[in-house]
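Take a look at the letters that make up each chain.
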Amino acid sequence: MKKRIILLLGLLPMLGFSQEIIKPETLKPKPVVDNYHGQRLEDPYRYLENMKDEKVLTWMKANTNYAEAILDAIPEKDEMFRKMKEMDSRTAANISNLNITRNDMYYYLKTRPEDQVGKLYFRKGYEGDEVLLLDPEKYNTDSGYTYAITSVIPDRLGNRVAVILAPDGSENGELLVLDQSGKQIGDVLNLVDGADWGAGENSIYYLKLNSADVSDKNRQMNMKIYKHEIGTPQSSDKVLFSSSKYPELDIEPEEIPILIYDRDLDMHIGLVLTVDKSLKMYLNNRELDGEWKKLTSPDDKVANFSTSEDAIYYMSFKDAPNFKILRSSKDKPEVAKSSLVIPEPETGPIDNFRITSDGIYYTVKSNGVETRLLKKAYGDDMPKEIKLPKTAGSAGLSAKGPQHDDIWVYLTGWTTPGERYKYLASSNEFVKQPMSTEAEYPELDDIVVKEVSVTSHDGVKVPVSIIHNKNIKMDGSTPAVMYGYGSYGSSTGPFFSPLVLVHTMYGGMFVVPHVRGGGELGDAWHRAGQKENKPNTWKDAIATAEYLIDKGYTSKNKLSFFGGSAGGILVGRAVTERPDLFAAVAPMVGAMNTVRMEESPNGPVNAPEFGTVKDPDEFKALLEMDSYHHIEDGTEYPAMLITSGMNDPRVIAWEPAKFAARAQAANASDEPILLLTEFDSGHGMGDTKDKRFERFTNVLSFFYWQSGHPKFQPPKDLID
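Everything quoted here is computed from the prediction, not taken from an experiment. (Residues numbered from 1 in each chain as written. Predicted model: local features only at pLDDT ≥ 70, side-chain atom pairs only at ≥ 80, totals over all residues. Heavy atoms only, no water.)

**Notes on the overall build of the chain**
Here is step 1 of the chain: Along the backbone of the chain there are ten helices and 39 strands.
Here is step 2 of the chain: Relative to a compact globule of 720 residues, whose C-alpha radius of gyration would be 27 Å, the chain shows 26 Å and is just as compact.
Here is step 3 of the chain: In the chain, buried positions account for 58% of the 720 residues.
Here is step 4 of the chain: Partitioning the contacts of the chain with sequence separation of at least 6, the portion at a separation of at least 24 is 58%.
Here is step 5 of the chain: Total accessible area on the chain is roughly 29,000 Å²; 47% of this is exposed by carbon and sulfur atoms.
Here is step 6 of the chain: One way to put it: in the chain the 84 positive side-chain charges average out to a point 1 Å from where the 106 negative ones average out. (Helix = DSSP H or I, 4+ residues; strand = E, 2+ residues; numbered from the N terminus. Rg over C-alpha atoms; globule rule 2.2 N^0.38 Å. Buried < 20%, exposed > 50% of the residue type's maximum accessible area, 1.4 Å probe, protein only. Contact = heavy atoms within 4.5 Å. Areas by Shrake-Rupley, 256 points an atom, 1.4 Å probe, with all protein chains shown as cover. Lys, Arg positive; Asp, Glu negative; His and termini not counted. Charge placed at Lys NZ, Arg CZ, Asp CG, Glu CD.)

Printed below as a string of structure tokens:
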């Protein structure tokens with residue numbers, strides 16, 4: 001249908017003409033054959049993994065130029081972008097990364113409509129005067145990079161703040177320390193992946209990357225925690241926590257060490273992490289000169305914890321897929337010696353919890369879409385529900401700590417813009433405490449939300465959220481966009497997004513299937529979409545697509561699907577298994593070649609979630625979820641917009657590139673298979689506001705074009 005596109009350049013001096021944008025040639029395969037546990041597996045585009053090869057880069061750039069030319073020819077795209085900007089301008093600022101110290105110092109990022117990235121501000125107390133501390137757009141301007149703040153870490157007294165910035169989405173962190181006036185203290189630390197304040201007043205603990213090269217396989221292997229004393233050069237920093245320093249902890253090369261000085265316990269907590277939510281925890285004294293005491297092992301299934309002066313609280317899913325909260329004393333801190341304080345809820349998983357001076361606050365999410373707030377006061381036998389000021393799809397909790405009674409709740413939902421409240425336990429009331437002006441969205445009056453259950457391939461009921469204009473016709477004529485993730489036990493929403501609202505203003509609906517692999521229905525839901533069970537993830541999405549079509553919400557030629565990162569598995573396998581169901585798909589910075597994932601820097605740490613090729617059964621699971629290896633020659637595939645980031649440290653850019661090359665070669669339809677690589681961006685962290693808006697404008701306008709929306713059809717003289 002759409003074989004080539006012509007870009008009108010307009011009138012040049014003395015000459016007016018149009019220039020044809022040439023579609024890049026389909027890449028020829030150069031098969032490499034691997035043998036996995038006796039199974040031969042052909043990899044036709046292995047050579048694309050060499051992103052230092054100029055021929056590979058030239059092909060990726062040519063595809064990007066072609067994709068951008070096509071997307072720029074969609075007539076309504078610029079107007080959609082303008083509407084997103086207008087939505088953004090309705091509030092004075094968006095606030096994120098809010099940190100409140102125990103002595104009431106506020107540090108946060110503030111992004112005004114005219115700002116591209118968040119700027120760091122400080123104020124003393126909620127009513128205090130605001131002080132600008134750091135503008136990333138004015139940081140290291142000679143470098144040519146675009147910096148964004150990724151972490152804000154105040155010290156214990158709130159007098160100083162450690163800030164991590166990263167350039168061009170690479171997540172190669174640069175850490176600097178500022179005082180309350182914004183003056184820099186000490187040197188900049190490089191290659192910082194995470195940090196916290198240490199036991200000493202002038203010490204910082206930080207996790208250091210091994211390389212700035214996001215394609216370096218050793219970038220995240222055998223990582224170490226260093227101790228930095230402010231005022232000394234980074235070259236003098238000493239290793240404080242690592243596998244080599246503490247071999248008795250058996251830290252594997254792919255495991256990530258984290259060291260926390262806990263001021264409530266006045267002790268050090270060592271964590272050994274992968275993407276598995278089961279924590280390995282250890283305890284040592286303030287001086288770090290004692291023996292490490294094991295607190296938890298993966299068998300204890302502890303996913304989160306909090307502390308007070310005399311106790312450790314563990315959130316565990318052992319024999320409790322909806323989670324429970326346990327308490328151990330400081331004298332006997334092991335989880336094995338803990339007692340139950342919050343039993344597993346029957347109505348849904350515990351989503352979050354906070355310790356205050358008067359009790360334990362926690363949230364429970366039912367069916368993945370409605371959240372309740374509960375509190376168990378110290379001394380009470382049973383928790384009590386606290387009625388929220390409005391129905392909430394999601395509720396975030398924040399608190400000052402176990403010595404204070406301050407507790408804040410952040411409420412949001414599909415049609416509920418975020419609202420921040422402080423809860424006053426003494427009077428049992430919520431007081432609204434917005435950090436900026438609250439926007440008004442009259443367009444929400446026309447939006448309805450339906451929460452339905454869809455029967456999947458094996459009879460399991462899958463919760464699905466459907467957001468649409470109240471006046472749609474149930475005749476299959478409505479353009480519908482599905483969005484999903486389904487990994488790591490991470491729940492998708494409910495959330496409010498002005499970008500989704502803009503999408504509905506064009507008559508489209510937004511659909512979120514809460515597929516297995518996510519955490520909406522607790523740990524069992526997560527495990528049901530993991531490793532060998534991963535097919536449930538995309539089959540739940542396929543069942544949702546069939547439901548939408550059968551019920552008349554939409555039709556095959558109106559239905560699109562997108563997801564990012566691990567959501568690329570979901571989208572990629574849905575379209576390779578059922579290409580007939582979709583008009584278009586967009587796997588964004590997606591994990592498309594899972595069999596080769598462990599050959600990328602971020603691959604080994606993800607083995608607990610997806611599997612390892614070293615294990616015969618897990619190799620089969622990885623092959624089954626590998627979208628690249630499920631593309632079949634001669635298949636009529638729908639239109640695809642495949643994106644990647646050259647600076648992406650999480651999903652290396654050759655995974656989407658290989659999928660795109662294979663799909664372009666195999667496709668028997670005339671629908672476009674586009675690869676758009678952002679050469680100055682990464683996984684999406686640290687992007688400018690305009691880049692985020694452009695990315696979603698590209699996807700949504702591409703979907704509307706493919707679903708036949710009249711406003712998004714390029715003029716006929718542009719398409720041959």
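**Section: the packing of aromatic side chains**
Here is step 1 of the chain: A full pass over the atoms with the stated rule returns 31 aromatic pairs.
Here is step 2 of the chain: Centroid distance Tyr-139 to Tyr-147: 4.8 Å. Interplanar angle 85 degrees. Geometry classified as edge-to-face. With respect to class, Tyr-139 is no different from Tyr-147; both count as buried.
Here is step 3 of the chain: Seen from the ring of Tyr-121, Lys-110 lies directly overhead, with NZ or CZ sitting 5.0 Å from the centre.
Here is step 4 of the chain: If you follow Lys-208 out to its NZ or CZ, it ends over the ring of Tyr-226, 5.6 Å from the centre. (Phe/Tyr/Trp six-rings, centres within 6.5 Å; stacked < 30°, edge-to-face > 60°. Lys NZ or Arg CZ within 6 Å of the ring centre and 35° of its normal.)

**A closer look at the layout of surface pockets**
Here is step 1 of the chain: As a volume, the second largest pocket reaches approximately 300 Å³.
Here is step 2 of the chain: Lining the second largest pocket are 14 residues, with Leu-27, Lys-28, Tyr-47, Lys-55 and Trp-59 sitting closest to its centre.
Here is step 3 of the chain: By residue class, the composition of the lining of the second largest pocket is seven nonpolar, two polar and five charged. (1 Å grid on protein atoms, 1.4 Å probe; cavity = no way out; pocket = protein on both sides within 12 Å on 5 of 7 lines; lining within 4 Å. Points joined across faces, edges and corners; volume = space filled by probe spheres on them. Nonpolar A, V, L, I, M, F, W, Y, C, P; charged D, E, K, R; others polar.)

**Some details on the confidence of the model for the chain**
A low pLDDT score tells you not to read the predicted coordinates there in detail.
Here is step 1 of the chain: Put simply, the chain has an average pLDDT of 95, and 97% of its residues get 70 or more.
Here is step 2 of the chain: Segment residues 1-18 is flagged for pLDDT under 50; beyond a separation of four residues in sequence, or across chains, it makes 44 contacts in the model. (pLDDT = per-residue confidence, 0-100.)

**A short note on unusual backbone geometry**
Here is step 1 of the chain: In this structure, Pro-494 follows Gly-493 across a cis peptide bond, with omega equal to -5 degrees.
Here is step 2 of the chain: In this fold, Pro-494 is placed in the loop between strand E34 (480-483) and helix H3 (498-505).
Here is step 3 of the chain: One non-glycine residue, Leu-288, lies in positive phi territory at about 60 degrees.
Here is step 4 of the chain: In this structure, Leu-288 sits in the loop between strand E18 (280-284) and strand E19 (293-296).
Here is step 5 of the chain: Backbone geometry at Asn-428 places phi at a positive 55 degrees, although glycine is not the residue there.
Here is step 6 of the chain: Residue Asn-428 is classed as exposed on the basis of its relative accessible area of 52%.

**Comments concerning the sheet that holds strand E11 (residues 173-179)**
Here is step 1 of the chain: Overall, antiparallel pairing links the seven strands, which are arranged E9-E10-E11-E12-E13-E14-E15 in an open sheet. Two strands close off the open sheet at either side, each with one partner strand: strand E9 (147-154) and strand E15 (238-241). The mean inter-strand angle of the sheet, taken between neighbouring strand axes irrespective of direction, is 40 degrees.
Here is step 2 of the chain: Where strand E14 (residues 224-229) meets E15, three bridges bridge the pair, whose relative direction is antiparallel. Bridge assignment links Tyr-226 to a residue of E15, and that residue is Val-239. (Pairing = 2+ DSSP bridges. Axes fitted to C-alpha atoms, helices over the stretch in contact; angles between N-to-C directions.)

**Some details on empty space enclosed by the protein**
Here is step 1 of the chain: The final tally for this structure, using the stated rule, is three cavities of 30 Å³ or more.
Here is step 2 of the chain: Looking at the largest cavity, its volume works out to about 80 Å³.
Here is step 3 of the chain: Considering the residues around the largest cavity, the lining is formed by Trp-414, Thr-415, Leu-444, Ile-447, Ile-467, Phe-495, Phe-496, Ser-497, Val-500, Leu-501 and Thr-504.
Here is step 4 of the chain: For the lining of the largest cavity, the element with the highest residue contribution is H3, accounting for three residues.
Here is step 5 of the chain: Class assignment of the residues belonging to the lining of the largest cavity gives a composition of eight nonpolar, three polar and no charged.

**Focus: the side chain of Lys-365**
Here is step 1 of the chain: Secondary-structure assignment places Lys-365 in strand E25 (residues 359-366).
Here is step 2 of the chain: Exposure remark for Lys-365: the relative accessible area of 4% places this residue in the buried category.
Here is step 3 of the chain: For Lys-365, the side chain forms a polar contact with the main-chain oxygen of Gly-493, separated by 3.1 Å.
Here is step 4 of the chain: With sequence-adjacent residues up to four places away left out, Lys-365 is seen in contact with Thr-347, Gly-348, Pro-349, Asp-351, Glu-370, Thr-371, Gly-393, Ser-394, Gly-493, Pro-494 and Glu-520. (Polar contact = N/O pair within 3.5 Å; in protein donor to acceptor, adjacent residues only side chain to side chain.)

**Examining the packing of helix H1 (residues 54-72) against helix H9 (residues 654-666)**
Here is step 1 of the chain: At a closest axis distance of 12 Å, the pairing of H1 and H9 adopts a crossing angle of 70 degrees. Here H1 is positioned roughly perpendicular relative to H9, judged by the angle of their axes. Residues Trp-59, Met-60 and Asn-63 of H1 form the contact with H9, whose own contacting residues are Ala-657, Ala-661 and Gln-664.
Here is step 2 of the chain: Of the residues in the contact of H1 with H9, the class split is four nonpolar, two polar and no charged. (Parallel < 35°, antiparallel > 145°, perpendicular 65-115°, else oblique.)

**Here's the deal with the sheet that holds strand E16 (residues 256-262)**
Pairing between the strands of a sheet comes from backbone hydrogen bonds, and it takes one of two forms, parallel or antiparallel.
Here is step 1 of the chain: Across the sheet, four strands lie side by side as E16-E17-E18-E19; this open sheet has antiparallel pairing. Two strands bound the open sheet, and with one partner strand each, they are E16 and E19. Along the sheet, successive strands turn relative to each other by an average axial angle of 25 degrees, direction set aside.
Here is step 2 of the chain: Where strand E17 (residues 267-273) and E18 come together, five bridges link them in antiparallel fashion. Paired with Gly-270 across the two strands is Tyr-282, which belongs to E18.

**A closer look at the environment of Ala-195**
Here is step 1 of the chain: Position of Ala-195 among the secondary structure elements: in strand E12 (residues 184-197).
Here is step 2 of the chain: C-alpha separation for the pair Ala-195 and Pro-616, spaced 421 residues apart in sequence, amounts to 38 Å.
Here is step 3 of the chain: Other than its neighbours up to four places away in sequence, Ala-195 contacts Ile-153, Ile-164, Leu-175, Ile-204, Tyr-205 and Tyr-206.

**Focus: the packing of helix H2 (residues 77-88) against H3**
Here is step 1 of the chain: Orientation of H2 relative to H3, taken along the N-to-C sense of each, is 135 degrees, at an axis distance of 9 Å. Classified by the interaxial angle, the pair formed by H2 and H3 is oblique. For the element pair H2 and H3, the recorded crossing hand is right-handed. Where H2 abuts H3, its residues Met-80, Lys-83, Met-84 and Met-87 lie against Pro-498, Leu-499, Leu-501, Val-502 and Met-505.
Here is step 2 of the chain: A breakdown of the residues in the contact of H2 with H3 according to their chemical character gives eight nonpolar, no polar and one charged. (Left-handed = near helix turned anticlockwise from the far one by under 90°.)

**Details of the pattern of salt bridges**
Here is step 1 of the chain: Applying the stated rule across the entire model yields 52 salt bridges.
Here is step 2 of the chain: The closest approach of N and O atoms between Asp-72 and Lys-77, which form a salt bridge, is 2.8 Å.
Here is step 3 of the chain: Of the residues examined, Lys-77 reaches a relative accessible area of 6% and is grouped as buried.
Here is step 4 of the chain: Linking Asp-266 and Arg-286 is a salt bridge whose minimum nitrogen-to-oxygen distance equals 2.9 Å. In this pair, Asp-266 sits in the loop between E16 and E17 while Arg-286 sits in the loop between E18 and E19, placing the two residues 20 residues apart along the sequence.
Here is step 5 of the chain: For Asp-266, a relative accessible area of 35% puts it in the partly exposed group. (Salt bridge = Lys/Arg side-chain N within 4 Å of Asp/Glu carboxyl O.)

**Examining helix H6 (residues 567-577)**
Here is step 1 of the chain: Within H6, ten of the eleven residues are buried, which leaves the element mostly enclosed by the surrounding structure.
Here is step 2 of the chain: Every buried residue of H6 is listed here: Gly-567, Gly-568, Ile-569, Leu-570, Val-571, Gly-572, Arg-573, Ala-574, Val-575 and Thr-576.

**Observations concerning the environment of Arg-354**
Here is step 1 of the chain: Among the secondary structure elements, Arg-354 is positioned in strand E24 (residues 350-356).
Here is step 2 of the chain: Sequence spacing of Arg-354 and Gly-401 is 47 residues, and the spatial spacing of their C-alpha atoms is 7.9 Å.
Here is step 3 of the chain: A polar atom in the side chain of Arg-354 sits 3.0 Å from the side chain of Asn-352.
Here is step 4 of the chain: At 3.4 Å, the side chain of Arg-354 forms a polar contact with the backbone oxygen of Leu-397.

**Re the nonpolar core**
Here is step 1 of the chain: Counting residues in hydrophobic clusters, the biggest one holds 70 residues, and the most contacted among them are Ile-466, Met-482, Phe-561, Phe-582 and Met-640.
Here is step 2 of the chain: Those residues within four positions of Met-482 in sequence are excluded, and the remaining contacts are Val-511, Pro-513, Ala-541, Thr-544, Ala-545, Leu-548, Leu-559, Ser-560, Phe-561, Phe-562 and Phe-582.
Here is step 3 of the chain: Listed in part, the 39 residues of the second largest apolar core include Ile-74, Leu-444, Ile-467 and Leu-501. (Core = buried A, V, L, I, M, F, W, Y, C linked by side-chain atoms within 4.5 Å.)

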